[in-house]
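Chain by chain, the residues run as shown.
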Amino acid sequence: MIFLFTITIVQAQKIEYNGVQYVVKRDVIFMNGKDITSSLSLEQQVNIKNKLSQQLLAEEKLNAAEKAQNKAEQKMRAAEKKMKRAEKELKKKGNCTKELYSSSKAI
């Protein structure tokens, strides 16, 4: 998980803060392709980076939830498949029992 977070931070991340689009790459904040880090107050820099961290955590949680949902769907499909096989097997045994019953009546 930390590894994924590190990789994500190394890449440039887009963030919207107070209606303005920024791109954050490591500790540098860009607006319209220009480095504006030094023109922002320390408080603004921290707020932008915090917002980015919150966004990344939300994306990570969403990805984890999607993975869990996919895994649950796979288990459900596997269970349905198993149930269908069991139903076919029961049907097959039912037909065999009926045939056996019919043949024993004939004797």
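All of these numbers come straight from a predicted model, not from anything done at the bench.

**Points about unusual backbone geometry**
Leaving glycine aside, a negative phi is the common case for residues, and trans is the common case for peptide bonds.
And step 1. Even without a glycine there, the phi angle at N18 is positive, about 55°.
And step 2. Within the secondary structure, N18 sits in the loop between β1 (13-17) and β2 (20-25).
And step 3. Its identity as a non-glycine residue notwithstanding, R26 has a phi of 60°, on the positive side.
And step 4. Judged by its relative accessible area of 57%, R26 falls in the exposed class.

**Brief notes about the pairing of β2**
And step 1. Relative to β2, β1 is paired through five bridges, and the arrangement is antiparallel. Residue pairing in the sheet places Y17 in a bridge with V20 of β2.
And step 2. The hairpin turn running from β1 into β2, its antiparallel successor, is two residues long, and N18 in that turn takes a positive phi close to 55°.
And step 3. Pairing analysis gives three bridges linking β2 to strand β3 (residues 28-31), with the strands arranged antiparallel. Looking across to β3, one finds that K25 is bridged to V28.

**Side note on the sheet that holds strand β4 (residues 34-35)**
And step 1. With respect to topology, four strands assemble into an open sheet ordered β1-β2-β3-β4, the strand pairing being antiparallel. Either end of the sheet is taken by a strand with one partner, and the two such strands are β1 and β4.
And step 2. Examined bridge by bridge, β3 and β4 share two bridges and lie antiparallel to one another. The partner of M31 across the bridge, within β4, is K34.

**Let's talk about the confidence of the model for the chain**
Predicted coordinates in regions of low pLDDT should not be interpreted in detail.
And step 1. Considering every residue of the chain, the mean pLDDT works out to 84; 79% of them sit at 70 or more.
And step 2. Low confidence marks residues 3-9, where pLDDT is under 50. Its contacts with residues over four positions away, or in another chain, come to five contacts.

**Here we look at the nonpolar core**
And step 1. One finds I15, Y17, Y22, V24, I29, I36, L40, I48, L52 and L56 forming the largest nonpolar core, which totals ten residues.
And step 2. At the level of elements, β1, β2 and α2 (42-106) are the ones that each hand at least two residues to this core.
And step 3. Per element, the largest residue contribution to this core is three residues, and it comes from α2.
And step 4. Those residues within four positions of Y17 in sequence are excluded, and the remaining contacts are Y22, N47, I48 and K51.

Cut-offs and rules
Residues numbered from 1 in each chain as written. Predicted model: local features only at pLDDT ≥ 70, side-chain atom pairs only at ≥ 80, totals over all residues. Heavy atoms only, no water. Helix = DSSP H or I, 4+ residues; strand = E, 2+ residues; numbered from the N terminus. Buried < 20%, exposed > 50% of the residue type's maximum accessible area, 1.4 Å probe, protein only. Pairing = 2+ DSSP bridges. pLDDT = per-residue confidence, 0-100. Contact = heavy atoms within 4.5 Å. Core = buried A, V, L, I, M, F, W, Y, C linked by side-chain atoms within 4.5 Å.

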